Amino acid sequence: MTTPRQNITTFLWTIPILLVCGLIVFFDSSLNTCYGLVHGLGDLFLLLILIILTLVFIVRQIYKIARSADNRKTRILATLMVIVATTIAFQGKATWKEIRLGNSILKASIYPDQLDIGRVELLNEEKYYALYGHIDWACAFTDQYKIKGDTLILGGNPFGKTDGILTDKYIITDSTLIPVKTQDREMKRTKIMTIENKN
């Protein structure tokens, strides 16, 4: 005979797995983060922990079900929950970022084939997403923007945050974002951005 305590214990075993899945999804979907070698190693560590926990849980549940456990339905439900959560966590960084970014109004980058070097996406009528970095690391952040005439004004001091890869003002043309140069700044690293998508 199944007792409520057995059912509760079965579901308590899912908590560590669901927490690790939640951490993976949270870190992979963050728009304000830096990533590189350390971030990659952290991802691998979390995925390894998730694989171990999931395999131990599933093998334990199969063993208990095969031995005719009283709470068979609860164990099957808990196993399905773990499989679904693990599958969602394994969807990967690109999937979660795309979900968060949605349908951007405008996408532009310095080098279209190297999106991590310098990129701006206007997410909606007031918020933008910026990505910058080098070959072995990249950082991303979001902030507010305004458009005055043909000038895009990015808030949050992108010039300072990106070490001059991005700037605060761009002239919008049909195919490019042209940085507005100022006398008081060294803007050698600030380049014209190619617009990839404009809605």
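Being a predicted model, the structure only gives us computed values, none of them experimental.

Caption draft 1: Structural view of the pattern of salt bridges. Counting across every chain of the model gives 3 salt bridges. We note a salt bridge from Glu121 to Arg119, for which the minimum N-O separation is 3.0 Å. Among the residues examined, Arg119 registers a relative accessible area of 6% and is labelled buried. Where Glu196 meets Arg119, a salt bridge forms, and the shortest distance between an N and an O atom there is 3.0 Å. With a gap of 77 residues between them, Glu196 in strand E9 (residues 193-198) and Arg119 in strand E3 (residues 118-122) connect regions that are remote in the sequence.

Caption draft 2: Molecular detail of the packing of aromatic side chains. The tally for this structure, following the rule as stated, stands at 4 aromatic pairs. A centroid spacing of 6.1 Å and a plane angle of 90° characterise the contact between Tyr132 and Trp137, whose relative ring orientation is edge-to-face. Here a set of aromatic residues connected by ring pairs shows up, and it is made of Tyr128, Tyr132, Trp137 and Phe141.

Caption draft 3: Molecular detail of the environment of Pro112. Note on placement: Pro112 falls in the loop between strand E2 (106-109) and E3. For the pair Pro112 and Ile195, spaced 83 residues apart in sequence, the C-alpha separation works out to 8.8 Å. Leaving out residues up to four positions away in the same chain, Pro112 has contacts with Thr194 and Glu196.

Caption draft 4: Spatial organisation of the pairing of E2. Because side chains alternate across E2, one face comprises the buried residues Leu106 and Ala108, and the other comprises Lys107 and Ser109, equally buried. Two strands pair when backbone bridges link them, and E2 and E3 are joined in this way by 4 bridges, in the antiparallel orientation. Bridging from a neighbouring strand, Leu106 pairs with Leu122 of E3.

Caption draft 5: Quick look at the confidence of the model for the protein chain. For the protein chain, the mean per-residue pLDDT works out to 84, and 93% of the residues sit at or above 70. Across the protein chain, element-level confidence peaks in strand E6 (residues 151-154) with a mean pLDDT of 93 and bottoms out in helix H5 (residues 93-101) with 68.

Caption draft 6: A look at the packing of helix H2 (residues 15-29) against helix H3 (residues 37-66). For the pair H2 and H3, the least separation of the axes is 9 Å and the interaxial angle reads 155°. On the basis of their axis angle, the class for H2 and H3 is roughly antiparallel. Seen along the crossing, H2 lies across H3 with a hand that is left-handed. For the pair H2 and H3, contact is made by Pro16, Ile17, Val20, Cys21, Leu23, Ile24, Phe27 and Asp28 and by His39, Asp43, Leu46, Leu47, Ile49, Leu50, Leu53, Thr54 and Phe57, respectively.

Caption draft 7: Focus on unusual backbone geometry. For Asn157, which is not a glycine, the phi torsion comes out positive at approximately 55°. Mapping Asn157 onto the fold places it in the loop between E6 and helix H6 (158-161). On the basis of relative accessibility, which here comes to 41%, the residue Asn157 falls in the partly exposed class. In the Ramachandran plot, Asp163 falls in the positive-phi region, its phi being about 55° despite a non-glycine side chain. Secondary-structure assignment places Asp163 in the loop between H6 and strand E7 (169-172).

Quick notes on the rules
Residues numbered from 1 in each chain as written. Predicted model: local features only at pLDDT ≥ 70, side-chain atom pairs only at ≥ 80, totals over all residues. Heavy atoms only, no water. Salt bridge = Lys/Arg side-chain N within 4 Å of Asp/Glu carboxyl O. Buried < 20%, exposed > 50% of the residue type's maximum accessible area, 1.4 Å probe, protein only. Helix = DSSP H or I, 4+ residues; strand = E, 2+ residues; numbered from the N terminus. Phe/Tyr/Trp six-rings, centres within 6.5 Å; stacked < 30°, edge-to-face > 60°. Contact = heavy atoms within 4.5 Å. Pairing = 2+ DSSP bridges. pLDDT = per-residue confidence, 0-100. Axes fitted to C-alpha atoms, helices over the stretch in contact; angles between N-to-C directions. Parallel < 35°, antiparallel > 145°, perpendicular 65-115°, else oblique. Left-handed = near helix turned anticlockwise from the far one by under 90°.

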